[in-house]
Every structure is written in structure tokens, then in C-alpha cells.
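Topology and contacts: notes
Residue-level listing of the chains:
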Amino acid sequence: MTGVQSNSQPPASRRTRAHADHDDREIETLEEFDQVVASGSLAGHRVQSVDLTDRTFALLSADTAESVFLGCAMEPDAAAKVRAGGALVFPPVPGLPFDPYRGALYGPDELFEGLADGGFDATPDARTYGWYQETKSDGDIFASMLRSIHDDAVSDALDEHLAGAQVVGIMGGHALERGSAAYAGAARLGRRLTRDGLTVATGGGPGAMEAANLGAYAAPFEDEMLDRSLALLAKTPHFTPSVTDWARAAFEIRESRPGGGVSAGIPTWFYGHEPPNAFASHIAKYFVNAVREDGLLARSNAGVVFLPGAAGTVQEIFDNATPNYYRSRGEPTPMVLVNRAHWTEKLPTWPLLQALAADRPMAARIALVDSVDEAPEALARLRTQAPS
């Protein structure tokens with residue numbers, strides 16, 4: 001997409017350091033491939049979705065014993081040689097609107113490619129959702145295998161991206177409209193937590209999720225940038241009736257102020273009628289919603305803030321509470337619920353959460369606050385408070 005700044009992959013230097021520091025056998029870029037080949041051997045390595053059509057000589061001369069090539073384009077004679085040398089080769093799958101073997105997270109520019117000229121229906125995101133709709137119920141083991149491979153590759157890339165980060169999840173409803181006070185509050189929250197050195201992660205969709213990713217994107221800029229962005233977005237308050245107009249407004253902000261802050265969005269094609277938002281710099285999009293939900297919460301190692309929402313947010317609260325209750329992921333992580341009236345009267349989730357936490361270590365890691373502006377202090381307090 002012309003003019004859109006890409007943050008879809010970590011810098012090559014960072015990935016190279018990770019490779020060296022952790023003895024990583026995965027090769028996910030052409031630069032990494034060349035570095036490993038220079039050492040004399042590809043034996044035991046996993047080469048993931050790298051175009052090797054211009055590396056035939058290297059493949060013909062390198063040791064490839066027990067190596068695996070996942071979705072790597074290569075010339076036929078090179079493919080034959082590496083197989084003969086003891087490698088497993090899984091060739092690219094033609095005709096798919098997505099790469100099941102991808103080695104990196106998505107970026108908004110990749111998922112929305114073609115938006116400017118053909119509208120949302122022309123984008124890889126919309127075409128992948130269309131493929132999913134066509135194949136999810138036909139019982140074809142090949143299609144379900146491709147979905148599983150894709151989601152596992154995305155999880156691997158997400159773990160690599162978030163390695164060492166303090167991640168705070170922000171959960172909330174998809175129906176929250178741009179221009180509302182609640183949307184602005186969620187954006188301020190994302191900005192504040194990013195400025196505090198945390199990595200914001202959301203469900204990657206519209207509403208409260210987009211607002212939090214917007215705030216993270218705005219974090220490096222002056223405060224007025226967020227105010228101007230909120231005013232611009234308010235002109236297109238919802239992704240209905242036009243996802244195209246909704247997304248274009250976001251890209252207008254990205255193009256006018258490139259180089260925003262980093263955050264993660266973790267959406268799903270299971271809810272493909274809800275588009276991903278363009279403010280998450282790194283997007284881990286899944287086919288299987290259960291993998292996506294559990295993965296988002298499990299990676300929120302610095303805690304989760306729950307903004308007002310409906311059934312989906314209630315589900316996320318107790319999906320998060322369960323491992324905190326059983327300590328199945330170690331010490332309980334902080335949970336901050338925002339808006340007392342919403343969580344005690346409209347959807348009285350807080351009393352049940354308190355009852356579950358009673359006399360357990362997680363009791364010291366839950367809080368209910370009245371306003372979104374109180375959430376950062378509550379989260380910081382819970383993070384430093386030892387479980388009882």
C-alpha cells in the first residue's frame with residue numbers, strides 16, 4: 001500500500017542477535033540464510049518461508065542433513081539436491097491468500113494492501129476471511145492442516161517478537177465508537193502504559209482495542225497528536241457501513257505521522273466481519289479463536305486491564321482468572337477492571353471475581369477502579385504487591 005509505513009517485522013539486527021544469543025536454528029530472512037551458509041552448513045536448520053530461487057548455488061553446495069524447508073521457493077534442481085541430502089521440503093502452497101509458513105507477524109500495511117485502490121474487499125485480510133468461510137465447514141483435512149500450520153507459525157513469531165517484553169493486555173468491547181469519551185479514555189490508557197515502558201497488547205480489532213493501539217502509536221509524539229487523531233477518526237465512528245472508509249481514516253493518520261509507537265494486536269478471522277485495526281504495529285492474526293484468546297492472555301505477563309465490554313470481555317475476565325486461581329502459569333498476574341457501575345451492576349462480574357479470589361494469592365492481584373485514568377496506578381500497585 002503506497003505511502004504506508006511498515007512495522008511488520010522486527011529489525012534484522014535484532015533477529016540476528018536473537019539467532020546468535022539463543023542458538024536459534026530457525027532461518028526466517030534471506031540475510032539470516034546467507035549468514036548461516038557462510039558458516040558452511042545448513043544441517044539441522046529450519047528455513048521458514050524464504051524465497052531461495054536466487055540461492056541455487058548455495059543450496060547445491062551446502063550440507064542440508066536433517067534440515068527442514070517450510071514454504072521456501074527454490075529451483076527444481078536445488079529442491080532435488082536438498083532432499084537427497086537429507087532435508088525435508090514442504091513447498092509453497094499455490095493459490096492461497098496467506099502464507100501458512102510465514103516467519104514474521106503481520107503488519108497493517110500487509111493485511112490492508114490494496115485498500116487504496118480496490119477497497120477493503122481487495123485486501124489480503126478480506127480475501128483470507130473469504131477463504132476461511134469457504135473451507136471451515138467442508139471437512140477438508142488439507143485446509144484445516146493449513147490453518148493449523150499458519151496459527152502455529154504466528155504463535156512462534158509472536159513469542160519471538162515479545163521475548164523479554166513486559167506485556168499488558170487491554171481488553172474491551174468492539175462496539176465502542178470513535179468520538180466517544182470512552183474511546184478517548186482507552187487511547188489515553190494505551191499511550192500512558194506505552195510511555196511507562198510496557199508493551200500494549202489488544203485483541204487487535206475495532207472499538208476499545210483500536211483505541212488502545214492508537215494510544216500506543218501516539219506515545220512518541222506530542223500530546224496534541226492524539227487529540228488531532230481522535231478528532232479525525234470521529235468523522236468515521238464505526239467500521240459499519242464501510243470498512244474501507246473506517247480503515248482509510250486510520251491510514252491517513254499513520255501516513256501523516258509515521259514512526260509511531262510499537263504495540264501488538266491479536267485478532268482472528270473467526271470474527272472476520274470485524275476488521276483488524278491499523279494502529280497495532282505487529283499483528284498476530286489467527287484462524288482459531290481459542291488459540292488467539294488464550295495466547296493473548298497468557299502473554300500478558302504484566303497484567304490485564306478490562307474496559308467495559310459485553311460477553312467477549314466477560315469471557316476474557318474468567319479466562320484470565322482461571323490460571324490465576326490455579327496458579328497454572330505461576331504467580332497470579334494483575335487484573336484491573338475499569339468502571340465500577342458496569343462490573344458491579346450492569347454485568348456484575350466483580351463480585352464473582354472477588355469470591356473466587358478470596359483466601360487465595362490472586363486476591364492481592366485484582367482491583368476495581370471507577371475510571372480509566374486510575375488504571376495505570378492500580379496496575380502498577382498490583383504488579384509490586386506480593387501475592388498473599
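Residues numbered from 1 in each chain as written. Predicted model: local features only at pLDDT ≥ 70, side-chain atom pairs only at ≥ 80, totals over all residues. Heavy atoms only, no water.

Under the definition given, this model contains 13 aromatic pairs. With 4.9 Å between their ring centres and 65° between their planes, phenylalanine 98 and tryptophan 131 make a pair best called edge-to-face. Taken together, the residues phenylalanine 98 in the loop between β4 (88-90) and α5 (108-111) and tryptophan 131 in helix α7 (residues 124-135) connect sequence positions 33 residues apart. Each member of the pair, phenylalanine 98 together with tryptophan 131, is buried. Ring centres of phenylalanine 239 and tryptophan 246 lie 6.2 Å apart, and the angle between their planes is 75°; on these two criteria the pair is classed as edge-to-face. In terms of burial, phenylalanine 239 and tryptophan 246 fall into one category: buried. An aromatic cluster is built from Phe98, Tyr106, Trp131, Tyr132, Trp269 and Phe287, whose rings are joined through pairwise contacts. Looking at arginine 360, its charged tip hangs above the ring of tyrosine 325, at a distance of 3.8 Å from the centre. (Phe/Tyr/Trp six-rings, centres within 6.5 Å; stacked < 30°, edge-to-face > 60°. Helix = DSSP H or I, 4+ residues; strand = E, 2+ residues; numbered from the N terminus. Buried < 20%, exposed > 50% of the residue type's maximum accessible area, 1.4 Å probe, protein only. Lys NZ or Arg CZ within 6 Å of the ring centre and 35° of its normal.)

Let's shift gears to the packing of helix α11 (residues 223-233) against helix α12 (residues 243-256). Viewed as axis vectors pointing N to C, α11 and α12 meet at an angle of 155°, and their least axial separation amounts to 10 Å. If you check the angle between α11 and α12, you find them roughly antiparallel. Crossing of α11 over α12 shows right-handed handedness. Residues Met225, Ser229, Leu232 and Leu233 of α11 touch α12, and the partners they reach there are Ala249, Ala250, Glu252 and Ile253. Broken down by class, the residue content of the contact of α11 with α12 amounts to six nonpolar, one polar and one charged. (Axes fitted to C-alpha atoms, helices over the stretch in contact; angles between N-to-C directions. Parallel < 35°, antiparallel > 145°, perpendicular 65-115°, else oblique. Left-handed = near helix turned anticlockwise from the far one by under 90°. Contact = heavy atoms within 4.5 Å. Nonpolar A, V, L, I, M, F, W, Y, C, P; charged D, E, K, R; others polar.)

Turning to a nonpolar patch on the surface, a few remarks are in order. Together, Ile141, Phe142 and Met145 give the surface a local cluster of nonpolar side chains, amounting to about 320 Å² of exposed area. Within the secondary structure, methionine 145 sits in helix α8 (residues 141-162). (Patch = residues over 30% accessible without salt bridge, like charges linked within 9 Å, V, L, I, M, F, W, Y side chains within 5 Å. Areas by Shrake-Rupley, 256 points an atom, 1.4 Å probe, with all protein chains shown as cover. Salt bridge = Lys/Arg side-chain N within 4 Å of Asp/Glu carboxyl O.)

What follows deals with the nonpolar core. Core analysis: the biggest nonpolar cluster contains 87 residues, and Val305, Leu307 and Val336 have the highest contact counts within it. With residues up to four places along the chain from it excluded, the contact list for valine 336 reads Val304, Val305, Phe306, Ala367, Val369, Ala375, Ala378, Leu379 and Leu382. Counting residues in hydrophobic clusters, the runner-up holds 18 residues, among them Leu42, Val47, Cys72 and Ala78. (Core = buried A, V, L, I, M, F, W, Y, C linked by side-chain atoms within 4.5 Å.)

Take the sheet that holds β4 next. If you trace the four strands from one edge of the open sheet to the other, you get β1-β2-β3-β4, paired in parallel fashion. At either margin of the open sheet sits one strand with a lone partner, and together these are β1 (26-27) and β4. Of the strand pairs in this sheet, strand β3 (residues 68-70) and β4 are connected by three bridges, and their pairing is parallel. Each bridged residue has a counterpart across the sheet, and for valine 68 the counterpart in β4 is leucine 88. (Pairing = 2+ DSSP bridges.)

Let us look at α11. Those residues of α11 lying buried are Met225, Leu226, Ser229, Leu230 and Leu233. The arc enclosing the buried residues of α11, seen along the axis, measures out at 135°, which places them on a common side. Among the structural elements, α9 (181-195), α10 (208-218) and α12 are those in contact with the buried residues of α11. (Arc of directions from axis to C-beta.)

So, on to a negative patch on the surface. Among the surface-exposed residues, Asp51, Asp54, Glu75 and Asp77 lie close enough to one another that they form a single negatively charged patch. Considering the arrangement of structural elements, one finds aspartate 54 in the loop between β2 (46-48) and α3 (56-61). A residue is classified by how much of its surface remains accessible, and aspartate 54, at 67% relative accessible area, is exposed. (Lys, Arg positive; Asp, Glu negative; His and termini not counted. Charge placed at Lys NZ, Arg CZ, Asp CG, Glu CD.)

Moving on, we come to the domain arrangement of the protein chain. When its domains are assigned, the protein chain resolves into domain 1 (39-90) and domain 2 (156-384). Placing the centre of domain 1 and that of domain 2 at their C-alpha centroids yields a distance of 41 Å. (Domains from an automatic or database assignment.)

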